[in-house]
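The residues making up each chain are set out below.
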Amino acid sequence: MKGAVSICFLSLLLLQATAEEEEDVTSVLRDRSHIDETLRLAMEEKAGDYAAALERLRKIYHTSIKPMEQAYKYNELRQHEISDGEITSKPMVLFLGPWSVGKSSMINYLLGLHDHPYQLYTGAEPTTSEFTVIMHGEKIRSVEGIVMAADSSRSFSPLEKFGQNFLEKLIGIEMPHKLLERVTFVDTPGIIENRKQQERGYPFNDVCQWFIDRADLIFVVFDPTKLDVGLELEMLFRQLKGRESQIRIILNKADNLATQDLMRVYGALFWSLAPLINVTEPPRVYVSSFWPYDYAPDTSRELFKREEISLLEDLNQVIENRMENKIAFIRQHGIRVRIHGLLVDRYVQTFKEKMSFFSDPELVFQEIVDDPDKFYIFKSILAKTNVSKFDLPNRDAYRDFFGINPITNFKPLSAQCSYIGGCLLDKIEKAITTELPALLSSINSGKQPGLSSCEATGCGEKPKNRYRKN
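Computed from a predicted model, the values in this text were never measured in an experiment. As a convention, each chain's residues are numbered from 1 in the sequence order in which they are written. Where local features are concerned, this predicted model is filtered to residues with pLDDT of at least 70; where side-chain atom pairs are given and counted, the filter is 80 or more; whole-chain, interface and lining totals use all residues. Only hydrogens and water are removed before side-chain values are computed, so all heavy atoms of the structure are retained for them.

Some remarks on the pattern of salt bridges
Definition used for salt bridges: Asp or Glu carboxyl oxygen within 4 Å of a side-chain nitrogen of Lys or Arg. Scanning the model with the defined rule gives 17 salt bridges in all. Notably, a salt bridge pairs Glu 55 with Arg 58, separated by 3.0 Å at the nearest N-O pair. Taken as a pair, Glu 55 and Arg 58 lie in helix α3 (residues 47-71) at a separation of 3 residues, close to a single helical turn. Given the relative accessible area of 42%, Glu 55 is considered partly exposed. Across the salt bridge formed by Asp 396 and Arg 399, the nearest N and O atoms sit 3.4 Å from each other. Highlighted residues: Asp 396 and Arg 399, both in helix α16 (residues 395-404), separated by 3 residues, approximately one helical turn. Residues joined by salt bridges that share partners form a network here, namely Glu 55, Arg 58 and Asp 84. A run of H or I in DSSP counts as a helix once it spans at least four residues, and a run of E counts as a strand once it spans at least two, with each numbered from the N terminus. Each residue's exposure class comes from its accessible area (1.4 Å probe, protein chains only) as a fraction of the maximum for that residue type: buried when under 20%, exposed when over 50%, partly exposed otherwise.

And the structure:
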């Protein structure tokens, strides 16, 4: 009898201790109110204006840029075809870094997924082996990678080119969340330096490059125990070249260190990254601890919170500028398509000028492709247009391009005109110099973007062909 009483008493003590532990855990959870305030999640957006601007942007792309893109097979040169899903997609925030540095915990913290059934799994060992896309949806559900790639309304259909092995490592999570209405998060597998890339079963670096090219903000996360730079991390930073303005370095789990040790780790991180980021201005490094629990005692709590708010302000800036960034992205794409069209036109003209009745077409064109400088292919574009020499593509790329697409498949720009549709070059130049800047100006001034008078009523003017010889 006494033994039974003792067991009951011990059971009560254990239950009480467990309840106290749960209360302690609850009490040390960090206040998240500053996240909603900084990201302004309580504010209502003007959905109508944003939708109208997107529709106007989509129309400019389809009527002015895509025709030249298709006529001169630009996608086969750059392997980047813009879909409607990419035009209408939300800003993408990409999380990169070594394994177990807190990437998944950071996403859980920003979205308030602590103890949520769909929180991303975290642990001290390498836990994330998939590319996880966290996006907005009417209800909570997971979406297989094969389904995401098959859905043309999403912006992930081009990922099919990386094969079925990769699609099995791609997963989407949809949930109704205010922040996800404005942004999409992508969690990536951690970099493990002692594993060969081939063992992943898919081209890891190529997949990362696809997401890097489309990301509006890139968080590269480190923690104090993983500051060494190996071959895979070095390759990753090479892929980030040219995207330095989108990169934010995060030193996570900073409250695990005393102030003096933290200063040493901060310096060591800069020392490790200096050879990898060749820019005049050093990258912004945010020092904090991004997870739901309170900071460790005797650490720089105020500093960590200010750093966290500063990072959230960066994220909010990307969200608020998403329309401007999308217009700038489409305009940059249009400039590249225009340059490509001008170069192909110049190759076609040079080929026709050098051909004679007794010439071998293959030998003539091979000479032009092998040494374009001899025929002033690229220099003529610089001389006749306002194209920068830094925007010109790699000349060797055109050797492969014309190896797949014979020169006889292309018409010169002077022949790319119609009475109703106008000239391809005129339309793309108008989009780059007039229509897209006007759309950007209307966004900044708060005016409702609308159709131009010609698009609304039809101008009926006969197109002027600057390239046709009279």
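More follows now that the structure is in view.
Concerning the pairing of strand β7 (residues 247-251)
Taking burial as the measure, the 5 residues of β7 include 5 buried ones, the bulk of the element. Here β7 shows two buried faces, one formed by Ile 247, Ile 249 and Leu 251 and the other by Arg 248 and Ile 250. We call two strands paired when DSSP finds no fewer than two bridges between them. As paired elements, strand β6 (residues 217-222) and β7 share 5 bridges and run parallel to each other. By the bridge assignment for β7, Phe 222 is matched with Leu 251. A crossover gets the label right-handed when its path from the first strand over the helix to the second runs clockwise, viewed with the strands pointing away from the viewer. Read from β6 through helix α10 (residues 231-239) to β7, the crossover connection turns out right-handed.

Describing the state of the cysteines
In this description, the term disulfide denotes a pair of cysteine sulfurs within 2.5 Å. Applying the stated criterion across every chain, the model contains 1 disulfide. Paired through a disulfide, Cys 417 and Cys 423 show a sulfur-sulfur distance of 2.0 Å. Taking the sign of the torsion about the S-S bond as the criterion, the disulfide between Cys 417 and Cys 423, at about 115°, is right-handed. Since its relative accessible area comes to 25%, Cys 417 is described here as partly exposed.

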